[in-house]
Amino acid sequence: MNAMAHLILKAVALAMGIGVAVLSVLNQIDIRSEFGMLGIGLACLAMDSIIKKEYQ
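Residues numbered from 1 in each chain as written. Predicted model: local features only at pLDDT ≥ 70, side-chain atom pairs only at ≥ 80, totals over all residues. Heavy atoms only, no water.

*Asks:* Before we move on, can you summarise the packing of helix α1 (residues 2-25) against helix α2 (residues 31-54) with the specific residues and values?
*Replies:* Remark: α1 packs on α2, axes separated minimally by 9 Å, with the N-to-C direction vectors making an angle of 160 degrees. Overall, the two elements α1 and α2 adopt an arrangement that is roughly antiparallel. The chirality of how α1 crosses α2 is left-handed. Counted together, Asn2, His6, Leu9, Lys10, Val12, Ala13, Met16, Gly17, Gly19, Val20 and Ser24 of α1 and Glu34, Met37, Leu38, Ile40, Gly41, Cys44, Leu45, Met47, Asp48, Ile51 and Lys52 of α2 form the full contact between these two elements. In terms of residue class, the contact of α1 with α2 is made up of 12 nonpolar, 6 polar and 4 charged. (Axes fitted to C-alpha atoms, helices over the stretch in contact; angles between N-to-C directions. Helix = DSSP H or I, 4+ residues; strand = E, 2+ residues; numbered from the N terminus. Parallel < 35°, antiparallel > 145°, perpendicular 65-115°, else oblique. Left-handed = near helix turned anticlockwise from the far one by under 90°. Contact = heavy atoms within 4.5 Å. Nonpolar A, V, L, I, M, F, W, Y, C, P; charged D, E, K, R; others polar.)

As structure tokens, then:
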């Protein structure tokens, strides 16, 4: 289960980053939404780091 959680959190962060990049190029997203999506991605990476440290 631990490996699955790491994979999911990293996948969500990657998806948010790619989504923001693509939507920005297509001019289909506003700046507030961009920051929200990037914030979600950053939070997922932070949770992944915290979980990883707890189990080591």
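*Asks:* Please set out unusual backbone geometry residue by residue, giving values where relevant.
*Replies:* In this structure, Asn27 is a non-glycine residue whose phi angle is positive, near 55 degrees. Relative accessible area serves as the criterion here: at 65%, Asn27 is assigned to the exposed category. (Buried < 20%, exposed > 50% of the residue type's maximum accessible area, 1.4 Å probe, protein only.)

*Asks:* Explain a nonpolar patch on the surface to me, using residue names and the numbers behind them.
*Replies:* On the surface, a nonpolar cluster with roughly 500 Å² of combined accessible area is contributed by Leu14, Ile18, Val22, Val25 and Leu26. Summarising the element assignment, Leu14 is placed in helix α1. By relative accessible area, Leu14 is classed as exposed at 54%. (Patch = residues over 30% accessible without salt bridge, like charges linked within 9 Å, V, L, I, M, F, W, Y side chains within 5 Å. Areas by Shrake-Rupley, 256 points an atom, 1.4 Å probe, with all protein chains shown as cover. Salt bridge = Lys/Arg side-chain N within 4 Å of Asp/Glu carboxyl O.)

*Asks:* Account for the side chain of His6, naming residues and giving values.
*Replies:* Take His6: it is sitting in helix α1. Discounting chain neighbours no more than four positions away, the residues touching His6 are Asp48, Ile51 and Lys52.

*Asks:* Please provide a residue-by-residue account of the side chain of Asp48, values included.
*Replies:* Note on placement: Asp48 falls in helix α2. Among residues more than four places away in sequence, those in contact with Asp48 are His6, Leu9 and Lys10.

*Asks:* Could you give an account of the pattern of salt bridges, with specific residues and numbers?
*Replies:* Applying the stated rule across the entire model yields 1 salt bridge. Ionic pairing is found between Lys52 and Asp48, a salt bridge with its closest N-O pair at 4.0 Å. Remark: Asp48 and Lys52 occur in helix α2; sequence separation between them is 4 residues, near one turn of the helix.

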